[in-house]
Amino acid sequence: MRVDNPMEAPKTELIKYWKEAMVSATIITPREFSKEIKKLCENRRGYCKSEEFMSNGKVVNFQYELPLSELISDFFD
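Quick caveat: nothing in here was measured; it's all calculated off a predicted structure.

Colleague: How would you sum up the state of the cysteines? Please name residues and give values.
Modeller: According to the stated counting rule, one finds zero disulfides in the structure shown. Cys-41 forms no disulfide, and the closest cysteine sulfur to it belongs to Cys-48, at a distance of 8.1 Å. Judged by its relative accessible area of 0%, Cys-41 falls in the buried class. The class of Cys-48 is partly exposed, set by a relative accessible area of 24%.

Here it is in structure tokens:
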């Protein structure tokens, strides 16, 4: 059953599991912002798949898996 609105969801005892749209995000940032980027992603229920240092450690390349709904609602503010 597809549910577009939580108000349309069936009773809790009838639900076996929920699926949620996920995004595979690549975030490339200067190293000085990496701690804040990690906090932001983890506060948004993100899962870090990989973290790679580039340009002699000056730049960090993150691969995160994040729920789409978390990106839509004020991720970039």
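Colleague: Describe the sheet that holds strand E2 (residues 47-54), listing the residues and the values that go with them.
Modeller: The strand order across the open sheet formed by three strands is E1-E3-E2, and the pairing between neighbours is antiparallel. Of all the strands in the sheet, just strand E1 (22-30) and E2 have a single pairing partner and so form its edges. Direction aside, the axes of adjacent strands within the sheet are offset by 15° on average. By the bridge criterion, nine bridges tie E1 to strand E3 (residues 59-67) in an arrangement that is antiparallel. Each bridged residue has a counterpart across the sheet, and for Ile-28 the counterpart in E3 is Asn-61. Where helix H1 (residues 34-43) meets the sheet, its contacts fall on E1, E2 and E3, and the angle it forms with E3 comes to roughly 5°.

Colleague: Quick one: what's the story with the pattern of salt bridges, residue by residue and with numbers?
Modeller: Counted under the stated rule, the structure contains six salt bridges. Its salt-bridge partner being Glu-70, residue Arg-45 comes within 3.1 Å of it at the nearest N-O pair. Of the two residues, Arg-45 sits in the loop between H1 and E2 while Glu-70 sits in helix H2 (residues 68-72), which places them 25 residues apart along the sequence. Put simply, Lys-49 and Glu-65 hold a salt bridge, and the shortest N to O gap is 3.9 Å. Residue Lys-49 is found in strand E2, and its partner Glu-65 is found in strand E3; the two are separated by 16 residues along the sequence. Of the residues examined, Glu-65 reaches a relative accessible area of 29% and is grouped as partly exposed.

Each value, and the rule that gives it
- Residues numbered from 1 in each chain as written.
- Predicted model: local features only at pLDDT ≥ 70, side-chain atom pairs only at ≥ 80, totals over all residues.
- Heavy atoms only, no water.
- Disulfide = S-S within 2.5 Å.
- Buried < 20%, exposed > 50% of the residue type's maximum accessible area, 1.4 Å probe, protein only.
- Pairing = 2+ DSSP bridges.
- Helix = DSSP H or I, 4+ residues; strand = E, 2+ residues; numbered from the N terminus.
- Axes fitted to C-alpha atoms, helices over the stretch in contact; angles between N-to-C directions.
- Contact = heavy atoms within 4.5 Å.
- Salt bridge = Lys/Arg side-chain N within 4 Å of Asp/Glu carboxyl O.

Nothing here speaks to function; it is geometry throughout.
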